[in-house]
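The primary structure of each chain is shown beneath.
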Amino acid sequence: MAAAATHVAESHESTDPSPEVLREMYRLMRIITGASNRASGEVRAGGLASAFYPVRGLVSTYRSLGDAIAKGASLRRVVAELYGRSDGVCGGKGGPMHLHDVDAGFVTSTGIVGSGAPIAVGLAIAAQLDGEGRAVISTFGDGATSIGAVHEALNMAALWRLPVVFVCQNNQWGEHTPLAQYAANPNLAERARSYSMNAVQVDGFDPIATYRVLDDALSRARAGGGPTFVEALTYRLTGHSGSADYSYVPRDELEAALQRDPAPAFRTWLLGHGASEQELTELDAAVDAEVADAFDFAMASPLPSPDLRYVDVFADRKVVPLT
Amino acid sequence: MTLVEESPALATETKPMAMVAALNSALDIAMAADDKIVMLGEDIADPNGGVLKISKGLSTKYGTDRVRATPIAETAIVGAAVGLALGGYRPLAEIMFMDFTTVCIDQIVNHAAKLRYMSGGHTPVPLTIHTAVGTRRYGAQHAQNLEAWFMHIPGMKVVIPSGPKDAKGLLAACLADDDPCLFIEHIDIAFTPKEDVPVGEYVVPLGQANIVRRGDDVTVITYGRQVATAAAVAAELAEQGTSVEVIDLRTLVPLDIECVLNSVERTRRAVVVHDAHTFAGPGAELASEITEQLFGDLLAPVLRVGAGSSPIPFASSMSFHPTADDLRRAVLQVMGR
């Protein structure tokens, strides 16, 4: 695939993904696409670029299904949470906007635009204090770059050279408003660079280019080289929410983006780079079965008992007033 | 074995301290014992040691990695503290004035308070936020008691000490607590008076009110700065034949409602006094609880004494916070005098 990045970071030792990593990337992309297509109200484009993160600790957004799966959260338990079931990752109390899997390193996600960035900064301070060479990833969309929390976080991360990578998936739309109508400077990487941090743009529809950029950024962070802001340039392929009207999106822009949809394009690329049709067909079938199994598992999982309503408000249930 | 464990005498050794010194002592002991305790806040490193100086000397002793002076960025301060808590640390975030909690309220309300619950118990947030409020003439944006806001948020603990000894013990309890705690220091009692405070480790459990003075006729329920006012009014009224019981709540969440109800059941009259606005303030919750539980026992309606419903005026001609006179009038009113 051709990298359409406007400019890419000077890479120290850019690592190309191994054949095994490429197949895992494809598998994750298929799972995310499959699960997103089946889940009501979920938007498919949300997690695609996030399939490629080789991450240790992750803070995500309210569209975190892709990040959760990419980070290795249990597919069954993530899907169960989408439906508020007792076997969900939050026991049904969080729902689709509050996925997490601490054991998998997917630390938390937030429904408040931009609020994850300062939390990721705190995790990065923890990683820096631990001194074990860990790094943290904070994901958000282009819309989040308008809010103060993100800018406070960028400054703090750069000031203290924290091991954090901010991954901004720029799909060109903040809810229903195009980037050029809400940002005086629509070059988001350039704005991040003004905080004296490493900042790069990459074609977010190109899995391999994205992998390289993230791998570079994480290597730099782990080595004490400070934060990186990665602007992954993509395009939103569906409406902001499942049922929303999408007629306001210019037809030609959407058509061009759909041509570059990485889900089919990456498959074609793999076929031209050593993968066989039989191999990918088998992989597709295995993914379909895994996704179907996760939804069956979720639907079979009971709703949580109402008795659990006041559990986990505080560490000690007795503290909760007026129960 | 440490010397302290072997010697009860040393463990109970006390020294006169103001509240800021008592808080400094609590922090010092906690940071020495647990290297997961870290502090974030504006100007908290030496030589400043924070706006009220509670962290004086601590960055020199424990390093600026653990006592970090931050940019003026309240959202990032509390957000980073939440992240540190998720990363296995026990952070203390300092928000210089309570009014500035409005700047970072998203991180407090939507994240610190809710993350344990939303994750089904997988992401607890052991975080202490230290902030300050006072009655000095700083105008309307540097002196507002907003504790009722945080009482209203399930998942937040709210702590307001009335003196140096409790301040030390309650801060130690917050730092060891597995839930987010908002610790509110009242500036008027931060530097004076002094009190004998244990020099070594000292903990006051959260959720245990303190009966400051025993009495039989009226229960005055209060916290923070107003405890001293209530005790003074009670002493004065005792000479005139009215026996006032004074309860220092110490913590608004957890709320020691048992202590309050046990007292009012006996005295059958209650007055709540606080610096926060009367309207929809903590006193409204207490009055309602008392009335719901003890309606048949009460000899008079529960009265609330608090601040009026205006922003805090600057001019000294405009009174704002409740005074001893206001409290005395309320007590005499419930006594029918």
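Predicted model, so just to flag it, every value in this text is computed and none were measured.

1. Focus: the environment of Met96 of chain B
Residues and elements named next belong to chain B.
Here comes step 1: Of note, Met96 is situated in the loop between β4 (90-95) and α6 (105-112).
Here comes step 2: Its relative accessible area of 19% is what places Met96 among the buried residues.
Here comes step 3: Sequence separation of Met96 and Glu74 is 22 residues, and the distance between their C-alpha atoms is 9.2 Å.

2. Brief notes about the layout of surface pockets
The gaps of empty space that remain are located by a probe, the size of a water molecule, rolled over the atoms.
Here comes step 1: Roughly 960 Å³ of volume is contained in the largest pocket.
Here comes step 2: What lines the largest pocket is a set of 36 residues, and nearest its centre among them are Val320, Pro321 and Leu322 of chain A together with Met151 and Val253 of chain B.
Here comes step 3: Considering every element that reaches the lining of the largest pocket, the biggest residue donor is helix α8 (residues 147-151) of chain B, with four residues.
Here comes step 4: Residues belonging to the lining of the largest pocket are distributed by class as follows: 25 nonpolar, four polar and seven charged.

3. Some remarks on α6 of chain B
Here comes step 1: Summarising burial for α6 of chain B: six of the eight residues are buried, a large majority.
Here comes step 2: Within α6 of chain B the residues assigned to the buried category are Asp106, Gln107, Ile108, Val109, His111 and Ala112 of chain B.

4. As for empty space enclosed by the protein
Residues and elements named next belong to chain B.
Here comes step 1: The tally for this structure, following the rule as stated, stands at four cavities of 30 Å³ or more.
Here comes step 2: In this structure, the largest cavity occupies an estimated 50 Å³ of space.
Here comes step 3: For the largest cavity, the full set of lining residues is Val133, Asn145, Glu147, Ile160, Ile184, His186, Tyr223, Gly224, Arg225, Gln226 and Asp275.
Here comes step 4: Split by residue class, the lining of the largest cavity holds four nonpolar, four polar and three charged.

5. Regarding the interface of chain B and chain A
By a widespread convention, an interface's size corresponds to the accessible area lost as its parts come together.
Here comes step 1: On the chain A side, the residues contacting the 44 residues of chain B number 36 residues.
Here comes step 2: Taken together, both faces of the contact between chain B and chain A bury some 3200 Å²; the carbon and sulfur share is 68%.
Here comes step 3: Of all residues in chain B, Arg68, Tyr117 and Met118 of chain B bury the most surface against chain A, accounting for 21% of the area lost on that side.
Here comes step 4: The interface formed by chain B and chain A includes one salt bridge.
Here comes step 5: A salt bridge links Asp130 of chain A to Lys36 of chain B; the shortest N-O distance between them is 3.8 Å.
Here comes step 6: Inspection of the chain B/chain A interface yields 13 residue pairs in polar contact (both at pLDDT 80 or more).
Here comes step 7: Mapped onto the side of chain B that touches chain A, the elements with two or more residues apiece are β2 (37-41), β3 (67-69), α5 (74-86), α6, α7 (115-118) and α12 (282-294) of chain B.
Here comes step 8: Looking at the side of chain B that touches chain A, its residues break down into 19 nonpolar, 14 polar and eleven charged.

6. A short note on the side chain of Arg236 of chain A
All names here are of chain A.
Here comes step 1: Locating Arg236 in the fold gives a position in the loop between β8 (228-233) and α9 (251-259).
Here comes step 2: No salt bridge forms around the buried Arg236; measuring N to O, its nearest opposite-charge neighbour Asp142 is 7.3 Å away.
Here comes step 3: Within polar-contact distance, the side chain of Arg236 engages the backbone oxygen of Glu175 at 2.8 Å.
Here comes step 4: Setting aside residues no more than four positions away along its own chain, Arg236 makes contact with Asn171, Trp173, Glu175, Tyr246, Tyr248 and Leu254.

7. Concerning the confidence of the model for chain A
Residue and element names in this part refer to chain A.
Here comes step 1: When the pLDDT values of chain A are averaged, the result is 87; 88% of them are 70 or greater.
Here comes step 2: Overall, residues 1-12 carries pLDDT values under 50, and its contacts beyond four positions in sequence, including any with other chains, amount to 25 contacts.
Here comes step 3: Low pLDDT, under 50, characterises residues 41-50; the predicted model gives this stretch 34 contacts beyond four residues in sequence or across chains.

8. Some words on the pairing of β8 of chain A
All names here are of chain A.
Here comes step 1: Among the six residues in β8, five count as buried, and that is most of the element.
Here comes step 2: Pairing of strand β4 (residues 164-170) with β8, which is carried by six bridges, proceeds in the parallel orientation. Of the residues in β8, the one forming a bridge with Val167 is Val230.
Here comes step 3: Bridge analysis of strand β7 (residues 198-203) against β8 gives six bridges, and the strand direction is parallel. Bridging from a neighbouring strand, Val200 pairs with Val230 of β8.
Here comes step 4: Of the crossover connections in this fold, the one passing from β7 over helix α8 (residues 207-222) to the parallel β8 is right-handed.

9. Brief notes about the pattern of salt bridges
All names here are of chain B.
Here comes step 1: Scanning the entire structure with this criterion turns up 28 salt bridges over all chains.
Here comes step 2: Put simply, Arg328 and Asp325 hold a salt bridge, and the shortest N to O gap is 2.5 Å. A residue pair is termed a helical-turn pair when its members lie 3 or 4 positions apart in one helix, as Arg328 and Asp325 do in helix α13 (residues 324-334) at three residues.

10. Brief notes about the packing of aromatic side chains
Here comes step 1: Counting across every chain of the model gives eight aromatic pairs over all chains.
Here comes step 2: When the centroid spacing of 6.2 Å and the interplanar angle of 50° are considered together, the rings of Phe140 of chain A and Phe229 of chain A count as tilted. In this pair, Phe140 of chain A sits in strand β3 (residues 136-141) while Phe229 of chain A sits in strand β8, placing the two residues 89 residues apart along the sequence.
Here comes step 3: Clustering of aromatic rings is evident, with ring pairs tying together Tyr26, Phe266 and Trp269 of chain A.
Here comes step 4: The cationic tip of Lys36 of chain B hangs over the ring face of Tyr89 of chain B; the distance from NZ or CZ to the ring centre is 4.3 Å.
Here comes step 5: Stacked on the ring of Trp160 of chain A, the Lys or Arg Arg68 of chain B has its end atom at 4.7 Å from the ring centre.

So, how was this worked out
- Residues numbered from 1 in each chain as written.
- Chains lettered and ligands numbered in written order.
- Predicted model: local features only at pLDDT ≥ 70, side-chain atom pairs only at ≥ 80, totals over all residues.
- Heavy atoms only, no water.
- Helix = DSSP H or I, 4+ residues; strand = E, 2+ residues; numbered from the N terminus.
- Buried < 20%, exposed > 50% of the residue type's maximum accessible area, 1.4 Å probe, protein only.
- 1 Å grid on protein atoms, 1.4 Å probe; cavity = no way out; pocket = protein on both sides within 12 Å on 5 of 7 lines; lining within 4 Å.
- Points joined across faces, edges and corners; volume = space filled by probe spheres on them.
- Nonpolar A, V, L, I, M, F, W, Y, C, P; charged D, E, K, R; others polar.
- Contact = heavy atoms within 4.5 Å.
- Buried area = accessible area lost by both parts, 1.4 Å probe.
- Salt bridge = Lys/Arg side-chain N within 4 Å of Asp/Glu carboxyl O.
- Polar contact = N/O pair within 3.5 Å; in protein donor to acceptor, adjacent residues only side chain to side chain.
- Lys, Arg positive; Asp, Glu negative; His and termini not counted.
- pLDDT = per-residue confidence, 0-100.
- Pairing = 2+ DSSP bridges.
- Right-handed = clockwise from strand over helix to strand, strands pointing away.
- Phe/Tyr/Trp six-rings, centres within 6.5 Å; stacked < 30°, edge-to-face > 60°.
- Lys NZ or Arg CZ within 6 Å of the ring centre and 35° of its normal.

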